[in-house]
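A structural walkthrough
Here's the letter readout for the chains.
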Amino acid sequence: MSSGVPTIQIQEATASHSLGELGKARGLEIGCAFSGHADARYRRLLAHHSRLVVPEWQLKPRFLRPRRVSPYNFGPCDAIAGFAASNGMAFHGHTLFWHEEPIRWAHGKSFERVKSDYGGFIRDVMHHYPQAVSWDVFNEIVGEQEPLRDEFLISTFGLQFIDYCLRLARENSPTARLVINDYNLECSSDWSLPKQDHMLRLLDALRAIDSPLHAIGIQGHLSSVYRASAASTVRFIDRIADLGLDVFISELDVNDSTMPADIAVRDGEVAAYYEEFLTAVLSRRSVKRLVLWGISDFDNWIVRRQTQEKRRSGKARPALFDDQLQPKPAFDAVVRALESAPPR
Ligand code: 9MR
């Protein structure tokens with residue numbers, strides 16, 4: 001991608017199609033989450049396929065500043081942003097708010113206090129990464145059972161807080177695309193279905209007060225236990241598009257926890273899952289970005305056993321490339337889905 005990238009050897013999987021180029025030809029931005037892993041071959045693989053980098057955890061509020069008195073820990077994320085820049089890749093800010101790793105020191109009791117503490121945090125972080133083309137201003141604020149997640153700032157200050165952060169984000173980066181990102185929006189289980197409505201209700205409310213927002217991130221952690229519904233996701237995407245918003249498939253992977261142990265069968269099922277889901281959602285022109293939550297099994301949160309899904313057997317094989325960085329059937333499946341996507 002950049003002139004600094006060494007020549008790629010034939011046996012390296014990177015010599016094949018570039019997902020980033022395939023996507024670009026269709027107006028679709030292809031990105032990958034990145035842990036900052038130092039391996040040079042892995043970095044080349046990422047640089048070859050991805051046009052956008054998302055730090056996997058190094059930009060999360062509690063990682064950046066666990067205590068009020070802590071200095072900002074920008075170093076690890078700076079290294080990832082530097083990798084992106086030196087390879088001509090864009091950088092996405094994930095995330096300014098996350099219930100799972102909150103910064104309690106910014107949980108003021110009064111809204112004025114929240115504005116100064118949480119608002120100050122948002123300002124500092126956005127000023128540190130002016131190159132970010134987009135921000136997950138909020139990650140995971142909609143509930144399955146309840147319209148908004150029961151989290152201190154959200155349940156205390158509600159829409160006022162969400163609107164405040166979005167406006168502040170726009171003020172600090174007028175050109176960045178602002179995103180609300182969430183999981184299970186693609187899930188077909190009965191218990192998860194209300195989540196789509198909860199998101200649409202939130203979007204209606206934000207629209208009524210003219211909050212700045214550009215896209216909804218549908219994470220797309222496709223599970224073998226709780227199957228995704230491509231059809232329901234497409235209907236949901238259309239409703240988001242009706243509101244004038246873009247959609248990012250923002251954290252795509254396939255959790256193979258209950259798939260057969262036989263590797264060929266498992267890889268085939270993983271590939272089919274990617275292909276079915278992607279072919280359906282990419283048929284919608286409002287889907288403008290696709291981010292893989294790890295391009296390879298070599299460095300992957302599911303392989304690292306950071307998920308809650310219990311494994312029935314075998315080592316996880318959730319990504320497009322294996323732990324030797326060789327392409328799997330899932331890679332060809334994603335290529336086919338990209339090739340069949342209409343231009344946008
Ligand atoms: O993949 C990420 C993992 O390495 C981190 O340990 C974890 C906690 O910071 O977050 C994971 O990424 C999550 C993302 O930020 C939000 N959606 C769910 C992702 C998987 O848990």
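See the structure printed just above.
Thresholds, definitions, all that
Residues numbered from 1 in each chain as written. Predicted model: local features only at pLDDT ≥ 70, side-chain atom pairs only at ≥ 80, totals over all residues. Heavy atoms only, no water. Helix = DSSP H or I, 4+ residues; strand = E, 2+ residues; numbered from the N terminus. Buried < 20%, exposed > 50% of the residue type's maximum accessible area, 1.4 Å probe, protein only. Contact = heavy atoms within 4.5 Å. Lys, Arg positive; Asp, Glu negative; His and termini not counted. Charge placed at Lys NZ, Arg CZ, Asp CG, Glu CD. Pairing = 2+ DSSP bridges. Right-handed = clockwise from strand over helix to strand, strands pointing away.

Within the chain one finds ten helices and nine strands. Based on the C-alpha atoms only, the size of the chain along its principal axes is roughly 60 × 45 × 40 Å. Relative to its 344 residues, the chain shows a buried fraction of 60%. Expressed as a percentage of contacts within the chain between residues at least 6 apart in sequence, the contacts between residues at least 24 apart total 78%. A distance of 2 Å separates the average location of the 41 positive side-chain charges in the chain from that of its 43 negative side-chain charges.

Of all ten residues in strand S8 (residues 246-255), nine are buried; the element is thus mostly enclosed. Alignment of strand S6 (residues 215-218) against S8, held across four bridges, turns out to be parallel. Opposite Ile218, over in S8, you have Ile249 as the bridge partner. With three bridges connecting them, strand S7 (residues 221-223) and S8 associate as parallel partners. Within S8, the residue paired with Ser223 across the bridge is Asn255. Where S8 and strand S9 (residues 287-292) come together, four bridges link them in parallel fashion. Residue Val247 lies in a different strand from S9, and its bridge partner there is Val287. In the classification by handedness, the crossover that spans S8, the intervening helix H9 (residues 263-281) and the parallel S9 is right-handed.

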